[in-house]
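Observations on the model geometry
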Amino acid sequence: MEQLITIDQTETLYGTLTMPANASEKTPGVLIIGGSGPIDRDGNAPGIKLNIYNQLAAWLEKQGVAALRYDKRGTGSSDGDFRATGLEDLIEDAAAAVRLLKMNPAIDENKIFILGHSEGGAIAPRVAEKEKVQGMMVLASSPKPLFDILLEQGESMEREISEGRGIFYRALRTGKVNKRMIKKQHKVLKELLDEEASKKYKNVNVKWFQEHADYDPREAFHRTRIPVIAVNGGKDAQVKAEDVSAVAQHTGGPVEAYVVEEMNHILRHQPEEFSIIKTKRRYKKQQDANLSHELLDHLYPWLQKQIQ
């Protein structure tokens, strides 16, 4: 059963609360925090539908758990300007969403959890510091600073171009695309930290980049004492699979960490070879595919243990 909700912040946010049908007592609740970019409550962005968070909410409902997901500022039905939304705004909005869950009389305020995907996983420990929760699910995420992840993505693309077979990759190498791309990436990331960056990059969320530059998720994970489960994919082209071990290493409380070898960043099964260049094309083909059953097989026992 779905209910439309509003979260009153500096800007009014709109979302969906999915409640288990016919619940005879208060239910546990999960806040779903989405990944980076202009992502709406379902995990969709302009030009590409991923349908991640509506599927996660439906799965949680089947487990007897309520799920809250919402449109970020300036996306979907929410007010505001996404390009003016900083990292701290995202954290504050998520904390307000946790408070909304706690105030719902049908939800057990002592059984509230966060499910963070990608960037949502990186900010989850900060949200948990602002609003007490009983555990976190961190999916396709990393405790590394954003700029480190972006540089790793650039290096991964350069390596794919350098080693790729076929006329497409040969053409890219002939044009020295890989070398020029890395040089430009380093230049842009450096310029984004300049205090005059917003004048040059008018269509870029400079505030978000600059606040991320001051944020090291490892420190927030280190302060975390609540139970955590972290799951990454072996075919993830945006976050390294082994970063799940870094979550385990830096988390201060009990943690379980897993790698689903054939799962990609949008939590779908991907038997094809790893490729960062073909990522968007593959995502579009998978917009209606089910979530990885191996991922759900890891989440199920952890979640049941926490809500007992």
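Note that this is a predicted model, so its numbers are computed, not measured.

**Structural notes on the pairing of strand S4 (residues 66-70)**
When you tally the buried positions in S4, you get 5 out of 5 residues, the bulk of the element. Going residue by residue along S4, you find Ala66, Leu68 and Tyr70 tucked away on one face and Ala67 and Arg69 tucked away on the opposite face as well. Pairing analysis gives 4 bridges linking strand S2 (residues 12-18) to S4, with the strands arranged antiparallel. Paired with Leu17 across the two strands is Leu68, which belongs to S4. With 3 bridges connecting them, strand S3 (residues 27-33) and S4 associate as parallel partners. Bridge pairing in S4 links Val30 to Ala67. Traced from S3 through helix H1 (residues 53-62) to S4, the parallel crossover comes out right-handed.

**Here's the deal with the packing of aromatic side chains**
Tallying each qualifying case throughout the model produces 3 aromatic pairs. Ring centres 6.1 Å apart and planes at 85° place the aromatic pair Phe147 and Phe209 in the edge-to-face group. Of the two residues, Phe147 is situated in helix H4 (residues 146-163) and Phe209 in helix H8 (residues 206-213); the sequence distance between them amounts to 62 residues. Phe209 matches Phe147 in its accessibility class, with the two residues each being buried. By relative accessible area, Phe209 is classed as buried at 15%. In this structure an aromatic cluster arises from ring pairing among Phe147, Trp208 and Phe209.

**Focus: the pairing of S2**
The buried fraction of S2 is high, at 5 of 7 residues. Between the antiparallel neighbours strand S1 (residues 2-8) and S2 lie 3 residues.

**Examining the sheet that holds strand S6 (residues 135-139)**
Pairing is mixed in the open sheet, where 8 strands are placed in the order S1-S2-S4-S3-S5-S6-S7-S8. With one partner strand each, in any of the chains shown, S1 and strand S8 (255-260) form the two edges of the open sheet. Recorded for the sheet is a direction-independent mean angle of 20° between the axes of neighbouring strands. Bridge analysis of S3 against strand S5 (residues 107-117) gives 6 bridges, and the strand direction is parallel.

**Here's the deal with the side chain of Thr224**
For Thr224, the position within the fold is in the loop between helix H9 (217-222) and strand S7 (228-233). Judged by its relative accessible area of 7%, Thr224 falls in the buried class. In terms of polar contacts, Thr224 uses its side chain to reach the backbone carbonyl oxygen of Ala220, at 3.0 Å.

**Describing the pattern of salt bridges**
One pass over the structure, following the stated rule, counts 22 salt bridges. Among the salt bridges present, the one from Asp42 reaches Arg69, with a minimum N-O distance of 3.0 Å. Separated by 27 residues along the polypeptide, Asp42 in the loop between S3 and H1 and Arg69 in strand S4 bring together distant segments of the chain. As far as burial versus exposure is concerned, Asp42 and Arg69 are alike and both buried. Where Lys187 meets Glu191, a salt bridge forms, and the shortest distance between an N and an O atom there is 2.9 Å. In this pair, Lys187 and Glu191 both sit in helix H6 (residues 177-192), 4 residues apart, roughly one turn of the helix. Via salt bridges that share partners, Arg73, Asp89, Asp93 and Lys207 belong to a single interconnected network.

Reading guide: rules and limits
- Residues numbered from 1 in each chain as written.
- Predicted model: local features only at pLDDT ≥ 70, side-chain atom pairs only at ≥ 80, totals over all residues.
- Heavy atoms only, no water.
- Buried < 20%, exposed > 50% of the residue type's maximum accessible area, 1.4 Å probe, protein only.
- Helix = DSSP H or I, 4+ residues; strand = E, 2+ residues; numbered from the N terminus.
- Pairing = 2+ DSSP bridges.
- Right-handed = clockwise from strand over helix to strand, strands pointing away.
- Phe/Tyr/Trp six-rings, centres within 6.5 Å; stacked < 30°, edge-to-face > 60°.
- Axes fitted to C-alpha atoms, helices over the stretch in contact; angles between N-to-C directions.
- Polar contact = N/O pair within 3.5 Å; in protein donor to acceptor, adjacent residues only side chain to side chain.
- Salt bridge = Lys/Arg side-chain N within 4 Å of Asp/Glu carboxyl O.

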